[in-house]
Amino acid sequence: MSTIKSSDEHLTLNADGSSKDIKFQANGVEKASISSAGAFTSTTIDATKLTGDLPAISGASLTGVADATKLPLAGGTLTGDLLIDKSANNARLTLGGGYVGQIKFENNPVVTNWMVTSQYVKSNAFEIIPSTAVGGDTFTTPVLQITSDGRGLSQFTAKCWVKMDGGGTANFYDSHNASSITDNGVGQYQVNFSNNMANDDYCAVAHAHAGAGTNDTNIFEMPEAGRATSNISGHMMSALNTATTFSQAADGLVDIVIFGD
Amino acid sequence: MKLIYDNSGVAAVVVPAPKFLAQLTGTDEEKLIHIANKDLPTGTPYEITDEDLSDRTFRDAWEYVAGSNEKTSADLSLDDQLKYNHITQEEYDAS
């Protein structure tokens, strides 16, 4: 064995000349070097011999350092429950800083998937959408939209309801998606919708009440066809005191409920 | 306050829904003008009134007579037309 050593003093290896490196070889093959700029290069470093803290270096190129206990920022799969500490009053799950937030429920492939989302089809609505195909990932038509102004849009939610009094100055007891009543004369009212219906094939159901007795019959007659999408109009007709014929009534209470597109 | 206008020879009275009024901003008159623009056919002469019209005697004989404060209903803005479903998103985008 050969040894290069000093005796109680510095040992200097000097590669003389510009840009000359100090090289270390084993069996004629270079294994490490120190460049003229001071950079140490080695074919391998035995990490088991390293101790102490790493300096503030970039780890962008590091590989094989994944932590199986932590999800990556993208692409990971959470296999257990997601628990949010509800002991804090402000515990919440916030989705997205963009304009659409989505939660997808991907079920067994033989059933429909679901998406709960905001502003996906309608710009101001919270929406529930089934996949277009069983197990699919395409979502186009919501079955329920809840708009920011408080309307529920679906085939099973009332698009408009009104309880109004046509007597005196016509007025609302209460209403939903109605902007005004037009009083067109005795027993003739038009309820103007806040937001138009999508078409005129909506279902409108009404109840009318006039007269103080228990032997009065009242109806609120609405057009069979040619309805407007912006309003529903009708006539209040009454047969009072067991009368057998209806006449355009004195003014009274009208309830209207409308379902449709 | 209410709107009154001529509807085929009979005075029509438009009474706003309180919930809808509450969604609007501006003065009471501005809110009524907005409702007129929304619920009356464009170009309809009308007046805003706070008169007591609760006595419905001869209601079908009431006639609208233009006063000094008569206004005319106008088109809603495109944004409002979209908001109230008067036009579709496609029509809005094409405008």
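Note that the coordinates shown come from a computational prediction; the quantities given were computed from them, not determined experimentally.

What about the overall build of chain A?
In step 1: Regarding its fold elements, chain A presents 0 helices and 17 strands.
In step 2: For 261 residues, the compact-globule estimate of 2.2 N^0.38 gives 18 Å, and the C-alpha radius of gyration of chain A, at 40 Å, exceeds that figure by more than 25%.
In step 3: Taking the principal axes of its C-alpha atoms as reference, chain A extends roughly 130 × 40 × 40 Å.
In step 4: Across the 261 residues that make up chain A, the buried fraction comes to 19%.
In step 5: Relative to all contacts within chain A whose residues are 6 or more apart in sequence, the contacts with residues 24 or more apart total 37%.

Remarks on the interface of chain A and chain B
In step 1: In this complex, chain A contributes 21 residues to the contact, which on the side of chain B involves 23 residues.
In step 2: Across the side of chain A that touches chain B, the residue classes break down as 5 nonpolar, 13 polar and 3 charged.
In step 3: In the sheet, strand E11 (residues 178–185) of chain A pairs with strand E2 (residues 10–16) of chain B via 4 bridges, with the strands oriented antiparallel. The residue of E2(B) that forms the bridge with A:Ser180 is B:Pro16.

Describing the domain arrangement of chain A
In step 1: Examined at the domain level, chain A breaks down into domain 1 (102–153) and domain 2 (160–259).
In step 2: With centres defined by C-alpha atoms, the gap from domain 1 of chain A to domain 2 of chain A works out at 35 Å.

With respect to helix H2 (residues 28–39) of chain B
In step 1: Here H2(B) contains 12 residues, and its C-alpha end-to-end distance of 16 Å stays within 8% of the 16 Å for a straight helix at 1.5 Å per residue.
In step 2: Among the residues of H2(B), B:Leu32, B:His34, B:Ile35, B:Ala36, B:Lys38 and B:Asp39 are the ones counted as buried.
In step 3: Contact partners of the buried residues in H2(B): E11 and strand E12 (188–193) of chain A together with strand E1 (2–7), E2, strand E3 (45–49) and strand E4 (71–72) of chain B.

Re the sheet that holds strand E4 (residues 102–105) of chain A
Residue and element names in this part refer to chain A.
In step 1: An order of E4-E5-E6-E7-E8 is seen for the 5 strands of this open sheet, with the pairing classed as antiparallel. Taken across any chain shown, the strands that pair with only one partner, and hence form the sheet edges, are E4 and strand E8 (152–153).
In step 2: Alignment of strand E7 (residues 144–147) against E8, held across 2 bridges, turns out to be antiparallel. Along E8, the bridge assignment pairs Ile146 with Gly152.

A few points about the environment of A:Ile22
All names here are of chain A.
In step 1: Structurally, the position occupied by Ile22 is in strand E1 (residues 22–26).
In step 2: The partly exposed category is assigned to Ile22, around which 13 C-beta atoms lie within 10 Å.
In step 3: For the pair Ile22 and Asn90, spaced 68 residues apart in sequence, the C-alpha to C-alpha distance is 62 Å.

Re the sheet that holds strand E9 (residues 160–165) of chain A
Residues and elements named next belong to chain A.
In step 1: Reading across from one edge, E10-E9-E17-E13 is the order of the 4 strands in this open sheet, with antiparallel pairing throughout. Bordering the open sheet on either side are strand E10 (171–176) and strand E13 (203–209), each of which pairs with just one other strand. For this sheet the average axis-to-axis angle between neighbouring strands, irrespective of direction, equals 10°.
In step 2: In this structure, E9 lies alongside E10, joined through 5 bridges in antiparallel fashion. Bridge assignment links Met164 to a residue of E10, and that residue is Phe172.

The rules behind each value
- Residues numbered from 1 in each chain as written.
- Chains lettered and ligands numbered in written order.
- Predicted model: local features only at pLDDT ≥ 70, side-chain atom pairs only at ≥ 80, totals over all residues.
- Helix = DSSP H or I, 4+ residues; strand = E, 2+ residues; numbered from the N terminus.
- Rg over C-alpha atoms; globule rule 2.2 N^0.38 Å.
- Buried ≥ 20, exposed ≤ 12 C-beta atoms within 10 Å, placed from the backbone.
- Contact = placed C-beta atoms within 7 Å.
- Nonpolar A, V, L, I, M, F, W, Y, C, P; charged D, E, K, R; others polar.
- Pairing = 2+ DSSP bridges.
- Domains from an automatic or database assignment.
- Expected span 1.5 Å × (residues − 1).
- Axes fitted to C-alpha atoms, helices over the stretch in contact; angles between N-to-C directions.

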